[in-house]
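Listed below, chain by chain, are the residues.
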Amino acid sequence: QLRRLSEALRGLRWMPLAEASVSAMLQAHLRLSLRERCAGRFESCVMERQLDWIDASVLPWVSAALESGADQWRARDLLTAASAPLKQWRARLRFFFMQSLAGMRIAELFDILVDFPDSTPALDDLHACLHHTHQHADIVQGLGEALEKRLLKPGAETHQILEVYIGMIRALRRLD
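Small disclaimer: the values here were computed from a predicted structure and weren't measured.

J.: Just give me the short version of the packing of helix α5 (residues 84–107) against helix α7 (residues 120–133), but keep the residues and values in it.
T.: Packing of α5 against α7 brings their axes to within 9 Å, and their N-to-C directions diverge by 130°. Classed by the angle they form, the pair α5 and α7 counts as oblique. Where α5 crosses over α7, the two elements pack in a sense that is left-handed. Here α5 contributes F95, M98, Q99, L101, A102, R105 and I106 to the contact with α7, which in turn contributes A122, D125, L126, C129, H132 and T133. For the contact of α5 with α7, the residue count by class is 8 nonpolar, 3 polar and 2 charged.

Shown next as structure tokens:
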């Protein structure tokens, strides 16, 4: 049915209109999947596993939905014989995923830094994402807000603040 729908949309020359909707739907699905699978889990790297999931599960669906005559190939075959538009979709989905993962990890950064060194895999994921997405300014802003809201409070003991700062310096060195 998906194939018939995509052929009908292509025949009506509505596929460019449908692509925007497909993209928005995929982004919402990836964001939800990312939150369900990765939020608050700092003890293991998730980026490569999730990117493999995109290649194995999401790309074949995109191929079937948007490309005419697309067969049900295995993910490995799909990537080697992919058309230019499918390669663009792959790059777009991977970038969006890395941007979303970086955004989620930046929002969790204070907790990640407090849990260091147990949270090293989450820092490694964030480092890899930042290499592609360049969201460094978001880290500065988010961490500053988190420190002000969660650490620099009246009644917080000086030695606790210093311990957190020392741990943060070690963790941020790894991130940098």
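J.: Report on the packing of aromatic side chains, specifying residues and quantitative values.
T.: The full count for this structure, using the stated rule, is 0 aromatic pairs. Of note, R37 hangs over the ring of W53, and the distance from its end group to the ring centre comes to 4.3 Å. The positively charged end of R92 is found above the aromatic ring belonging to W89, 4.2 Å away from the centroid.

J.: Quick one: what's the story with the pattern of salt bridges, residue by residue and with numbers?
T.: Counting across every chain of the model gives 5 salt bridges. Here R105 makes a salt bridge to E108, at a shortest N to O gap of 2.7 Å. By relative accessible area, E108 is classed as buried at 12%. Note that D111 is salt-bridged to R150, the shortest N-O span being 2.6 Å.

Reading the values: rules and limits
Residues numbered from 1 in each chain as written. Predicted model: local features only at pLDDT ≥ 70, side-chain atom pairs only at ≥ 80, totals over all residues. Heavy atoms only, no water. Axes fitted to C-alpha atoms, helices over the stretch in contact; angles between N-to-C directions. Helix = DSSP H or I, 4+ residues; strand = E, 2+ residues; numbered from the N terminus. Parallel < 35°, antiparallel > 145°, perpendicular 65-115°, else oblique. Left-handed = near helix turned anticlockwise from the far one by under 90°. Contact = heavy atoms within 4.5 Å. Nonpolar A, V, L, I, M, F, W, Y, C, P; charged D, E, K, R; others polar. Phe/Tyr/Trp six-rings, centres within 6.5 Å; stacked < 30°, edge-to-face > 60°. Lys NZ or Arg CZ within 6 Å of the ring centre and 35° of its normal. Salt bridge = Lys/Arg side-chain N within 4 Å of Asp/Glu carboxyl O. Buried < 20%, exposed > 50% of the residue type's maximum accessible area, 1.4 Å probe, protein only.

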